[in-house]
Amino acid sequence: MDRRIALGIIIGVAVLGLVFAAFFAGRSKQPHANDAKKTDIPVSATAILTQAKDLEAKGDLLDAQAAYQKVVAEYPNLSDVMTWQRKLEDINMKLLFSPVITPKSIQYEVKPGDTLTRIAKEYKTTVELIKRSNNLSNDNIVPGKSLKVWTAPLSILVYKRQNILILKADEEILKTYVVSTGANNSTPVGTYKIVNKLPNPTWFKAGAVVPPGSADNQLGTRWLGFNLQGYGIHGTIDPQNLGKQVTQGCVRMANPDVEELYAIVPSGTTVTIVD
């Protein structure tokens, strides 16, 4: 367990920089000769990757996660690093939504009078995440039952120029999403809080009310509103323009992505937006 925590600290420092460097290296129209990444994978890296794949195949996701964290942190200049980073993020999500207890979660024993809402509020998580990670089909819980409950603080970081959103836990990257931000640099830079969450939101635009599910509803399937009126994170009816600065100032995500994020982050989550 100590080894995994140590690796988590390493990844929090190292991976944040490499994600942007590697993820967007291919977007540069005039790459510099010194920006070339190494294409040969060292034997030591191959050994770690083989171990990671074997562990994943056996269903040992925690040790597979640690192995991918290690190879990403130790070999950030290899050309395949983003493939490994995406695999790591995929495992992060599998663990998050599974009953497996991780260093960022606890096994909670339900007490008399408990509800999922109370537990979620106490541990600053969401009812939906508790239900999904414990395979619960409804909100009914009974005293004595054990539940996996996520406990690590979550935060969101949005990079406007790159049009990416990063979900983090204790400064460790859980997942990176492609988003759209505001045209003409209209997405406000700063640190905000998510203060309201709405499934299938109604869009109140100038002179009209657009109902949920309408082909004209620009908000898509979820809304996570900031403590800055009129701004938030939401879905889209225009997924082909993700990765561009085309919105009226909000952060726009693919509907499956915003539904996933909505399930994970509670109200009160910090959102930092930078250029």
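Keep in mind that this is a model prediction, so the values were computed, not measured.

Draft legend 1. Representation of helix α3 (residues 61-74) within the structure. Here α3 is 14 residues long and its end C-alpha atoms lie 20 Å apart, about the 20 Å a rise of 1.5 Å per residue gives. Turning to α3, its buried residues are L61, L62, D63, A64, Q65, A66, A67, Y68, Q69, V71, V72 and A73.

Draft legend 2. Local environment of the packing of α3 against helix α4 (residues 81-96). Where α3 contacts α4, the axes come no closer than 9 Å and their chain directions differ by 155 degrees. With respect to each other, α3 and α4 are oriented roughly antiparallel. Considering how the two elements wind past one another, α3 and α4 form a crossing that is left-handed. Here α3 contributes L61, L62, A64, Q65, Y68, Q69, V71 and V72 to the contact with α4, which in turn contributes V81, W84, Q85, K87, L88, I91, N92, K94 and L95. For the contact of α3 with α4, the residue count by class is 11 nonpolar, 4 polar and 2 charged.

Draft legend 3. Broad picture of the pairing of strand β7 (residues 190-199). Two strands pair when backbone bridges link them, and β7 and strand β14 (residues 270-274) are joined in this way by 4 bridges, in the antiparallel orientation. Counterpart to K193 in the pairing with β14 is T270.

Draft legend 4. A look at the pattern of salt bridges. Following the criterion strictly, the structure yields 11 salt bridges and no others. Between R118 and D114 there is a salt bridge whose closest N-O contact spans 2.6 Å. With relative accessibility at 32%, the residue R118 sits in the partly exposed group. For K131, the salt bridge goes to D139, with nearest N and O atoms at 2.9 Å. Among the residues examined, K131 registers a relative accessible area of 21% and is labelled partly exposed. Residues joined in a network through salt bridges with shared partners are E56, K87, D90 and K94.

Draft legend 5. Here's a closer look at unusual backbone geometry. Residues other than glycine seldom take positive phi values, yet N135 does so here, at roughly 55 degrees. Looking at where N135 falls in the secondary structure, it is placed in the loop between α6 (127-133) and β2 (146-150).

Draft legend 6. Structural detail: the side chain of K160. Tracing the sequence through the fold places K160 in the loop between β3 (154-159) and β4 (164-169). At a separation of 2.7 Å, a polar atom in the side chain of K160 contacts the main-chain carbonyl oxygen of T187. A distance of 3.4 Å separates polar atoms of two side chains, one belonging to K160 and the other to D275. When near neighbours in sequence (up to four residues on either side) are disregarded, K160 contacts T181, N185, T187, V189, Q245, I273, V274 and D275.

Draft legend 7. Spatial organisation of the packing of helix α2 (residues 43-57) against α3. Orientation of α2 relative to α3, taken along the N-to-C sense of each, is 160 degrees, at an axis distance of 8 Å. Relative to α3, α2 is oriented roughly antiparallel. Considering how the two elements wind past one another, α2 and α3 form a crossing that is left-handed. Residues A45, I48, L49, Q51, A52, K53, L55 and E56 of α2 pack against L61, D63, A64, A67, Y68, K70, V71 and E74 of α3. For the contact of α2 with α3, a count of residues per class yields 10 nonpolar, 1 polar and 5 charged.

Draft legend 8. Spotlight on the sheet that holds β14. The strand order β5-β4-β3-β14-β7-β10-β11-β13 describes an open sheet built from 8 strands, whose pairing is mixed. Pairing within the sheet leaves two strands with one partner each, and these edge strands are β5 (172-178) and β13 (251-252). Bridge count for strand β11 (residues 232-234) against β13 is 2 bridges, and the pairing is parallel. Along β13, the bridge assignment pairs H234 with R252.

Draft legend 9. Region of interest: α4. Its 16 residues place the ends of α4 22 Å apart at the C-alpha level, agreeing with the 22 Å of an ideal helix rising 1.5 Å per residue. When α4 is considered as a whole, its buried residues turn out to be V81, M82, W84, Q85, L88, E89, I91, N92, M93, L95 and L96.

Draft legend 10. Structural context of the environment of P199. Here P199 shows up in strand β7. Leaving out residues up to four positions away in the same chain, P199 has contacts with T221, R222 and Y262.

Quick notes on the rules
Along each chain, residue indices are assigned from 1 in the same order as the chain's sequence is written. Where totals are concerned, whole chains, interfaces and linings use all residues; where local detail is concerned, this predicted model gives features only for residues with pLDDT of at least 70, and gives and counts side-chain atom pairs only at 80 or more. To get the side-chain values, all heavy atoms of the structure are used, and hydrogens and water are removed first. By the criteria applied, helices consist of DSSP H or I runs no shorter than four residues and strands consist of E runs no shorter than two, each listed in order from the N terminus. Here a helix's expected span is defined as the number of its residues, less one, multiplied by 1.5 Å. Any residue under 20% of the maximum accessible area for its type is buried, any over 50% is exposed, and the rest in between are partly exposed; the area is computed with a 1.4 Å probe on protein chains only. Every angle, taken between N-to-C directions, lies between 0 and 180 degrees, and every axis is a line fitted to C-alpha atoms, over only the stretch in contact when it is a helix. Any angle that is under 35 degrees is reported as roughly parallel, and any over 145 degrees as roughly antiparallel; angles of 65 to 115 degrees are reported as roughly perpendicular and all others as oblique. A clockwise turn of the near helix away from the far one marks a right-handed crossing, whereas an anticlockwise turn of less than a right angle marks a left-handed crossing. Throughout, a residue-residue contact means that at least one pair of heavy atoms, one from each residue, lies within 4.5 Å. Side-chain classes are defined by residue name, with Ala, Val, Leu, Ile, Met, Phe, Trp, Tyr, Cys and Pro counting as nonpolar, Asp, Glu, Lys and Arg as charged, and the others, Gly among them, as polar. DSSP bridges decide pairing: two strands pair if at least two such bridges lie between them. Salt bridges, as used here, are contacts in which a Lys or Arg side-chain nitrogen is within 4 Å of a carboxyl oxygen on Asp or Glu. Definition of a polar contact: a pair of N or O atoms within 3.5 Å, with one able to donate and the other able to accept a hydrogen when the atoms are protein atoms, and with sequence-neighbouring residues admitted only if both atoms are side-chain atoms.

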